[in-house]
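Each chain is listed here by its residues.
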Protein chains: 2
Amino acid sequence: METKGKFTYDYERPALATDCVIFGFDGGELKVLLMERETEDSQSTWSLPGGFVYMNETTEESAKRILHEKTGIKNVFVEQLYTFSEVDRDPRQRVVAVAYYALVNNKKFQIAAGLNAKNVAWFELSKMPKLIFDHSKIVKTALIRLKGKVRYQPIGFELLNEKFTLTQLQQLYEAILETTTDKRNFRKKILSMKLLKALNEKEQNVARKAAQYFSFDKQAYKEFTHSGFNFEL
Amino acid sequence: METKGKFTYDYERPALATDCVIFGFDGGELKVLLMERETEDSQSTWSLPGGFVYMNETTEESAKRILHEKTGIKNVFVEQLYTFSEVDRDPRQRVVAVAYYALVNNKKFQIAAGLNAKNVAWFELSKMPKLIFDHSKIVKTALIRLKGKVRYQPIGFELLNEKFTLTQLQQLYEAILETTTDKRNFRKKILSMKLLKALNEKEQNVARKAAQYFSFDKQAYKEFTHSGFNFEL
DNA sequence: TGGCTTAGTGTATTTTTAACACTATTTATT
DNA sequence: AATAAATAGTGTTAAAAATACACTAAGCCA
């Protein structure tokens, strides 16, 4: 128990923190951004970016602030995941963590990737190092959520640039859902929802037929949902 | 800030509480169990059962403990809903609330209903009183979750007795999803999953043809999911 | 015994999903 | 200039699932 501090309560309180699982998509692979810290015995351990919640911010604001402070990423999709409260999850003190997950598009992915020299790095899911505390469990929970959610909410687009090809979109879904899909059937289904705008623009400098660029039409999606339709893939 | 207390920290901490949305199903209606408290000005206000998290319990244990202490209900389905952290959600002090929702079957519903004389009561969703703080928002969030979840997880059964008729089951789904369904199609679909066991028992004392009782077959569901099938209604 | 009430059941149509293979375009290579 | 390499883009058919729809069965009551 702290004694030097200056905030005193008439009952004991857990500390409250936020942790963030940051997903990116690159090279056909789903990746997670992790931070490295040196421990006292000068071993390195990896963890999710996280920190304590301030008194004047919500947990969502806290997660976004920490995301920005620690990785430079801002203005991305962030959603609450789950609150982890095992009594001994942090052996040093009782910390309850409200976990969030973020989806980072390819452009911001590259910026975050540029920070590699420092203490953050992208990891493929199959190549994740051991993580501190219950952070592996948090990542696992985030993956399950992402897999479930991507099928009935158009959040996958958050992982691509504003303009993307149908092949990229299909690869994204295949990576997240760990499936393969027939190209024609995938295109038929996604185009039938009329939520994609075909742009007057094609890929450049590719040694093959250049693919058409599309963008997600947020306005059409609004009307789509208001008409009682449900996104589903 | 408290001054008489004996727990002191070197930075300010929000209080951590749990609140619980308790769903019951009776008379073809989905209901929520609420608590009444007297305020200082002797007006009554309604709220979700809730309380502070102890240092030696997880938030889930806290929610279950409080549920039991305040309503007598235990051994029911309880699942984490969402963490509410608006800075001013409780005007008296900063409280972050981890909300849970519980599904109470009809038998336990009746017991809880018997507490009516005291300070708890079941309310139909359309007849809910004004609630304290952000508790209406919490109920709304719980409803959205229940609606979403009931379609791809067999949690609806938690709201019925162990034995139930297909008509009861259908009414439950219709109440939660706010839809109507064709009786033959509903039966065809639910029975095709082979997750219901027909019991050698019928309704008693009804002034019409007595309906067959069924129960949910947990063992079959385990095998069902392990075979890669998904519950879906 | 006739009336009331809800249980229980089958078929035909429409819609959705799944399976499947070739041509078109662009760049790189020789 | 011709050809090879790579991936974009496209339509049809068959199977499965969802939907729409109406009568008979059983038990109690008046």
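Just above, that's the structure.
Position labels on residues start from 1 in each chain and follow its written sequence. Both sets of labels track the order of writing: A upward for chains, 1 upward for ligands. Reporting in this predicted model follows two pLDDT cut-offs: at least 70 for local features of residues, and 80 or more for side-chain atom pairs to be given and counted; totals over whole chains, interfaces and linings ignore these cut-offs and use all residues. Processing note: side-chain calculations cover all non-hydrogen atoms of the structure and skip hydrogens and water entirely.

With that settled, consider the interface of chain B and chain A. Note on contacts: a residue pair qualifies if any of its non-hydrogen atoms lie within 4.5 Å across the two residues. Opposite the 34 residues of chain B that make contact, chain A presents 35 residues. Carbon and sulfur atoms supply 56% of the area buried between chain B and chain A, which totals about 3600 Å² over both sides. When two parts are put together, the accessible area they lose, computed with a 1.4 Å probe and summed over both, is reported as buried area. Ranking the residues of chain B by area buried against chain A places Phe7, Arg13 and Met55 of chain B at the top, with a combined share of 20%. Counting of polar contacts relies on pairs of N or O atoms within 3.5 Å, with two restrictions inside protein: one atom must be capable of donating a hydrogen and the other of accepting it, and residues adjacent in sequence are counted only when both atoms are side-chain atoms. Linking chain B to chain A there are 19 residue pairs in polar contact (both at pLDDT 80 or more). Going through the elements one at a time, β1 (7-9), β2 (15-26), α1 (59-71), β6 (77-84) and β7 (95-104) of chain B are the ones with two or more residues in the side of chain B that touches chain A. Taken together, the 3 bridges between strand β1 (residues 7-9) of chain A and β1 of chain B define a ladder with antiparallel strand orientation. Of the residues in β1 of chain B, the one forming a bridge with Tyr9 of chain A is Phe7 of chain B. For the purposes of this entry, the term helix denotes a DSSP run of H or I that reaches at least four residues, the term strand denotes a run of E that reaches at least two, and both are numbered from the N terminus. Here the rule is simple: two strands pair whenever DSSP picks up at least two bridges between them.

It is worth spelling out the protein's contact with DNA strand C at this point. If even one non-hydrogen atom of a residue comes within 4 Å of a molecule or strand, that residue is called near it. Around DNA strand C lies a shell of 19 residues, among which Lys209 of chain A together with Lys183, Lys188, Arg208 and Gln212 of chain B are the nearest. Sugar and phosphate atoms represent 42% of those atoms of DNA strand C found within 4 Å of the protein. Asn185 of chain A places a side-chain nitrogen or oxygen 2.9 Å from a base nitrogen of DNA strand C. Between DNA strand C and Arg187 of chain B, the relevant distance is 3.2 Å, taken from a phosphate oxygen to a side-chain nitrogen or oxygen of the residue. When contributions to the surface near DNA strand C are tallied by element, the ones reaching two or more residues are α5 (183-192) of chain A together with α5 (183-192) of chain B. Residues are sorted three ways: Asp, Glu, Lys and Arg are charged, Ala, Val, Leu, Ile, Met, Phe, Trp, Tyr, Cys and Pro are nonpolar, and all the rest, Gly among them, are polar. Taken together, the residues of the surface near DNA strand C sort by class into 4 nonpolar, 3 polar and 12 charged.

The next thing to look at is the protein's contact with DNA strand D. Inspection of the region around DNA strand D gives 19 residues, with Lys183, Lys188, Arg208 and Gln212 of chain A together with Asn185 of chain B positioned closest. Across the atoms of DNA strand D situated within 4 Å of the protein, the share located in sugar and phosphate is 39%. Take Lys188 of chain A: an N or O atom from its side chain is 2.9 Å from a base oxygen of DNA strand D. With respect to DNA strand D, the side chain of Asp182 of chain B contributes an N or O atom lying 3.1 Å from a base nitrogen. Looking at the surface near DNA strand D, the elements with two or more residues in it are α5 of chain A together with α5 of chain B. Tallied by class, the residues present in the surface near DNA strand D amount to 4 nonpolar, 3 polar and 12 charged.

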